[in-house]
Amino acid sequence: MPVTRRTVLALPVLAAPAILGAREAFAAPSAVKIGAVYPLTGPMASAGDSSRAGIELLIDLINTPHPELAPIPLMAEAGLPRLGGAKVEIVYTDGQNSPAVAQSDALRLITQDHVVALNGAYQSGNTLTASAVAERYGIPFVNGESVAANLTERGYKWFFRTTPIGPDIAALYLDFLASVGKTGVKVAKVAVVHDTSEYGVSVANTIKQVAASRQTPIAMDVSYTVSTSDVSAQVLKLKQAAPDAVIFISYTSDAILYMKTMQAQGYKPPILIGDDSGFSDPSFIKAVGNLSQGVLDRSAFDGSKPGSNAAKIDALYRKKTGRALDDTTGRSMTGMLVLCDAIDRAGSTEPEKIRAALSATNLTPAQLFMGYKGVKFDAKGQNVLASALMVQLDGTDYRSVWPAAQAAAKLVLPFKGWS
Amino acid sequence: MKKRHLLFVVLGILVLAWPLVLHGVFIQHVAALLVLAAISASAWNIVGGYGGQVSIGHAMFFGAGAYGALAAYTDFGWPPVAGVPLGIIAALLIAVLVGLPTFRLQGHYFSMATIAAVELLRILLSNVSVLGASVGLMGPARPRGLADLSFRSPVPYYYLFLAVLALLLVVTAWMERSRLGFYLRAIRGGERGARSLGVPVVRTKLIALMISAGFTALAGGLYALMVGFIDPESGFGLLISVKMVIIAALGGAGTLWGPLVGAAILIPLEESTNALFGGSGTGATYVVYGAIIVLISRFLPGGIAELVQLLSVKARRRAA
C-alpha cells in the first residue's frame, strides 16, 4: 500500500477496531487482574499520579514477601496465599477529568480486560459513573477516596467505600472533645467558625447535626465570607462569649488572618481545632506556625509514630517517590488493600464471592496504616469504622495525639498559641 | 449518480446492521459515542460551518440539555428523557440572550464572546443548589422502568442516537437548499456584502443559532441519558465546545457529511489512544491525538471533505 495522505488518514479508522479489540487477546492466566481508574492527565493528574504511585507500591508489597509489615494483610507472603500465591496485576486507566471517560474506562476494563474488580476513581463524579457500570455488570467496586455523600446512597450492591466522609469527621471532633472532657478539661461550650462557601457551610451543618443528635449541641455559630480582609468582629464575638473549644472550618488565607487577629486581640481559646484544609496547608505553618503552637487538626494518615505501620509505609513511599505519603494517597491505597484482602479471603475471582468477602470485611486498626478505627461495611457499602486522627502542631510539624493508641506525641492543652 | 446511490444504501445497511453481528460491548459503546459526537458537531456546523460564525461556546447549549434531563429527574423525579425538552427550551433562551448582543461582533471577537458567555454560565451554575451546584446532578441510580432509558447494553443508545442524527441530517440537508442556507453562506462569504444584497443578517444568524442550539441541547440530553451524571465541568467545560469545533473542522466545516467524517476519525482515535496509552499516565493520549490534528490542519485545512473533492476532481480528469 503506497503511503499517501489517503492511506495515512484511513489508518486510525481501520486500526481502531483492531486496537480496541486487541487487548482481549493478552489475558495473563494466573494473575488476578484488578482495574484502576484514576485521573492521570488533566487538572487532577498530580493527585492521580500520587494515588497510582501508592497503589504500585502496595501491589509490589503484596506480590513480594515482607514479613516486617506482617500485621497488614497480605504482606508477609508473596501474592494472594488463598489463591495459590497468585500475583495481583493492576490495569491502570486514565479517567481524565471526565465522568464520561471514567464510564468508558470502566466498561473497557470489565468487558475487554476482564478484570475481577474495580478500584478508583478519585473525583466523585468519575467514581459515580464508573461504579454505575460495575453495578450493571455485577463487578465489585471499591472506592478509597471520594467523599460525596450520595455515592453510598444509591442502594448499590457492588459498591464499597472505605474513606471517612462528613459525618465521620464530625463524630471524630465530638468524640475527641468528649474524651478530653473526661480528663477534667471543660468542653461544654463549643463554637464553630466557618466561611459561607459550600465547604464551610456543609461541614459546619454536619457538625451541628451530629452534635445535636448526641444531645451536646454546638453553642455558637460564627460565619464570615471567604477571603475576607477583616475578622476582628468575629474574634471579638468569640472573646466575649469565651467558648471552651473553637472549631475553625477555613481556607488558608482566612485561617492565617484569624491567627493574626487573635494574637492582635490577645485571645486564645483553650482548645482550637482546625478542619484540615487551611490548617493543613504548609503555607499556613510558614506564615503563622509560630502563633499557632498546639493547634489541633485532623488527618487520616500520620507517619510520625516510629515503628508504626504508617511510619513504615511512609518510609517506603518516600524511597519510591521522594515525597512524603499524603492523606489522600493513603486513603486510595487502603481502598485497594481492602479489595485485595477480600479477593484473598474469597479464595476465588468469582464476583459474587468477592462481594460476599467484602461485605464480611472486618479489619482492625492494627492491620491498617491509616487512622481508621477499622474497616467494616454497612448495608450501603460505607465503612462504618472510617475515622481520622487528631494531630497537633508542635514546632513546624503536626504529630498524632489522639486516639492514644495511635498517638506519636502527648496532647498538650490548653492551646499555647504564641509565646 | 447511480453508483453513488448504491454506495449510500450499502453504507446505510452497514451502519444499521453491524451491532447485530458484532458483539464487542466496548466497540458498541464507542460507536454510540461516535454518533453522539457527530450529532453535536453537526449541530455546531449549522451556525459555525455554514454561517462561518465560529462559536467556541456551544457547551452552553450542550450543558443546558444535559442539565435539563437530570434536573427533571433530581428535582421532580421525572424520567430524564422528559426533561430533555426543558433543556432545549433553556438552550433556545440562552441562544437568543447570547446571540443578540454577540452577533454584532465578527470573527475572533465573536468566538471570544462565546467563550466568555459559556464560562460565565459554568461559574454561575456552580452556585445554584437546585442544579447540584459544584457537585453536579446524577441520573437514576438504577432504572425504575423503561422510561428511564437506562440500558446495560450500548446498542439501544446507538440506535436512539442514530435516529436523532438522521433527523438532524435531514434538517441540515433541507437548510442547505433553502433560502436560509444561501443566506448563511452569503454571510460566511462576507457580512457587509451579504447585507448589501438584502440578506437579513441578524435574523438569519439568530435562526441558525437557534436551530443549532436546539440540536446541541438534544445531544447534551442524550449524553446525560447515557452517562447518568453531569457537573459544571462536564457540561459547560471549554473542552466540550472545542471538541465540537475540532470534529467539524476535521471532517469539513460547512458540509453535510463533514462532521460525521470528523467524528468517525476522531472518536475511535481518542478512545483507542486512551485505551493504549491512557494507563501509562504520560499524556501520550493527547500527544498522539494532538499530532494528528496538527497534521490535518497543516495538510488539509479544509478538512477531509476538501480531500474528497480534490480526489474526485483528479479522478474525473483521469477519466476525461
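Residues numbered from 1 in each chain as written. Chains lettered and ligands numbered in written order. Predicted model: local features only at pLDDT ≥ 70, side-chain atom pairs only at ≥ 80, totals over all residues. Heavy atoms only, no water.

Colleague: Go over the overall build of chain A, please, and point to the residues and values.
Modeller: The number of helices and strands found in chain A is 13 helices and twelve strands. In summary, chain A has a C-alpha radius of gyration of 24 Å against a globular reference of 22 Å for 419 residues, a match within 12%. Along the longest, intermediate and shortest principal axes, the C-alpha atoms of chain A span 80 × 50 × 40 Å. Relative to its full complement of 419 residues, chain A shows a buried share of 58%. If you average the places of the 39 positive and of the 36 negative side-chain charges in chain A, the two averages end up 2 Å apart. (Helix = DSSP H or I, 4+ residues; strand = E, 2+ residues; numbered from the N terminus. Rg over C-alpha atoms; globule rule 2.2 N^0.38 Å. Buried < 20%, exposed > 50% of the residue type's maximum accessible area, 1.4 Å probe, protein only. Lys, Arg positive; Asp, Glu negative; His and termini not counted. Charge placed at Lys NZ, Arg CZ, Asp CG, Glu CD.)

Colleague: A description of the domain arrangement of chain A should follow, citing residues and the corresponding values.
Modeller: Residue and element names in this part refer to chain A. Along its sequence, chain A is organised into domain 1 (28-164 + 308-367) and domain 2 (167-299 + 389-406). For domain 1 and domain 2, the distance between their C-alpha centres works out to 33 Å. Contacts between domain 1 and domain 2 engage four residues on the former and four residues on the latter. Roughly 250 Å² of surface becomes buried between domain 1 and domain 2 when both sides are summed, with 57% attributable to carbon and sulfur atoms. Our count for the contact surface shared by domain 1 and domain 2 stands at zero salt bridges. The tally of links from domain 1 across to domain 2 stands at zero residue pairs in polar contact (both at pLDDT 80 or more). The class makeup of the residues in the side of domain 1 that touches domain 2 is two nonpolar, one polar and one charged. (Domains from an automatic or database assignment. Contact = heavy atoms within 4.5 Å. Buried area = accessible area lost by both parts, 1.4 Å probe. Salt bridge = Lys/Arg side-chain N within 4 Å of Asp/Glu carboxyl O. Polar contact = N/O pair within 3.5 Å; in protein donor to acceptor, adjacent residues only side chain to side chain. Nonpolar A, V, L, I, M, F, W, Y, C, P; charged D, E, K, R; others polar.)

Colleague: How would you explain the nonpolar core if you had to name every residue and give the values?
Modeller: Ranked by internal contacts, the top residues of the largest apolar core, which has 108 residues, are Leu118(A), Ile39(B), Met60(B), Phe61(B) and Phe161(B). Counting residues per element, this core draws most heavily on helix H2 (residues 25-50) of chain B, which supplies 16 residues. Apart from the residues within four sequence positions on either side, Ile39(B) is in contact with Phe161(B), Val164(B), Leu165(B), Leu168(B), Phe215(B), Ala219(B) and Leu222(B). Core analysis: the next-biggest nonpolar cluster, separate from the first, contains 78 residues, Tyr92(A), Ala245(A), Ile271(A) and Ile354(A) among them. (Core = buried A, V, L, I, M, F, W, Y, C linked by side-chain atoms within 4.5 Å.)

Colleague: Go over the interface of chain A and chain B with me, naming the residues and quoting the values.
Modeller: Facing the 40 residues of chain A at the interface are 44 residues of chain B. Of the roughly 3700 Å² buried between chain A and chain B, counting both surfaces, carbon and sulfur atoms make up 63%. Between the two partners, chain A and chain B, sit one salt bridge. Across the pair Glu135(A) and Arg142(B) runs a salt bridge whose closest N-O atoms are separated by 3.1 Å. Taken together, the connections running from chain A to chain B amount to nine residue pairs in polar contact (both at pLDDT 80 or more). Among the elements of the structure, helix H1 (5-22), strand E2 (88-94), helix H3 (99-111) and helix H4 (124-137) of chain A are those that each provide at least two residues to the side of chain A that touches chain B.

Colleague: Explain a nonpolar patch on the surface to me, and be specific about the residues and the numbers.
Modeller: A cluster of nonpolar side chains, contributed by Leu6(B), Leu7(B), Val10(B), Leu11(B) and Leu14(B), occupies part of the molecular surface with about 480 Å² of accessible area. You can see Leu14(B) is positioned in helix H1 (residues 2-21). (Patch = residues over 30% accessible without salt bridge, like charges linked within 9 Å, V, L, I, M, F, W, Y side chains within 5 Å. Areas by Shrake-Rupley, 256 points an atom, 1.4 Å probe, with all protein chains shown as cover.)

Colleague: So, the pairing of strand E3 (residues 117-120) of chain A: which residues are in play, and what are the values?
Modeller: Residues and elements named next belong to chain A. Burial of the side chains of E3 extends over both faces: Ala117 and Asn119 are buried on one face and Leu118 and Gly120 on the other. Examined bridge by bridge, strand E1 (residues 32-38) and E3 share four bridges and lie parallel to one another. Residue pairing across strands places Ala36 opposite Asn119, the latter belonging to E3. Strand direction decides the pairing type here: E3 and strand E4 (residues 141-143), joined by two bridges, are parallel. Bridged to Asn119 within E4 is Val142. Where the polypeptide runs from E3 across H4 and back to E4, its parallel neighbour, the crossover connection is right-handed. (Pairing = 2+ DSSP bridges. Right-handed = clockwise from strand over helix to strand, strands pointing away.)

Colleague: Can you break down helix H9 (residues 201-227) of chain B residue by residue, with the values?
Modeller: Residues and elements named next belong to chain B. Taking 1.5 Å of rise per residue, the 27 residues of H9 would be expected to cover 39 Å, and the 38 Å separating its terminal C-alpha atoms lies within 8% of that figure. In terms of burial, H9 is largely enclosed, as 22 of its 27 residues are buried. At the C-terminal side of H9, Gly228 shows a positive phi close to 75 degrees. (Expected span 1.5 Å × (residues − 1).)

Colleague: A description of the sheet that holds E4(A) should follow, citing residues and the corresponding values.
Modeller: Residues and elements named next belong to chain A. A sheet is described by the order of its strands in space; here five strands give the open sequence E2-E1-E3-E4-E5, paired in parallel fashion. Since the sheet does not close on itself, it has two edges, and those belong to E2 and strand E5 (159-161), each with one partner. The average undirected angle you get between the axes of adjacent strands in this sheet is 25 degrees. As defined by bridge partners, E4 adjoins E5 across three bridges and the pair is classed as parallel. (Axes fitted to C-alpha atoms, helices over the stretch in contact; angles between N-to-C directions.)

Colleague: Kindly report on unusual backbone geometry, identifying the contributing residues and their values.
Modeller: All names here are of chain A. Omega for the peptide link from Gly120 to Ala121 comes to 0 degrees, which places this bond in the cis form. Here the bond from Trp402 into Pro403 is cis, since omega is 0 degrees, no more than 30 degrees from zero. Residue placement: Pro403 occurs in the segment after strand E12 (397-402). We note that His114 has phi near 50 degrees; this positive angle belongs to a residue other than glycine. The topology assignment puts His114 in the loop between H3 and E3. On the accessibility criterion, His114 (45% relative accessible area) is partly exposed. One non-glycine residue with positive phi stands out, namely Ala242, at about 45 degrees. Mapped onto the elements of the fold, Ala242 is located in the loop between helix H7 (232-241) and strand E8 (245-249). Of the residues examined, Ala242 reaches a relative accessible area of 45% and is grouped as partly exposed.

Colleague: So what's going on with the pattern of salt bridges? Which residues, and what values?
Modeller: Residues and elements named next belong to chain A. Inspection of every chain in the model, using the stated rule, returns 25 salt bridges over all chains. The partner of Glu350 in a salt bridge is Lys353, and the shortest N-O contact between them spans 3.7 Å. A residue is classified by how much of its surface remains accessible, and Glu350, at 43% relative accessible area, is partly exposed. A salt bridge links Asp394 to Arg399, with the shortest nitrogen-to-oxygen separation between them at 4.0 Å. Salt bridges here are not isolated pairs; linked through shared partners, they connect Arg52, Glu56 and Lys320.

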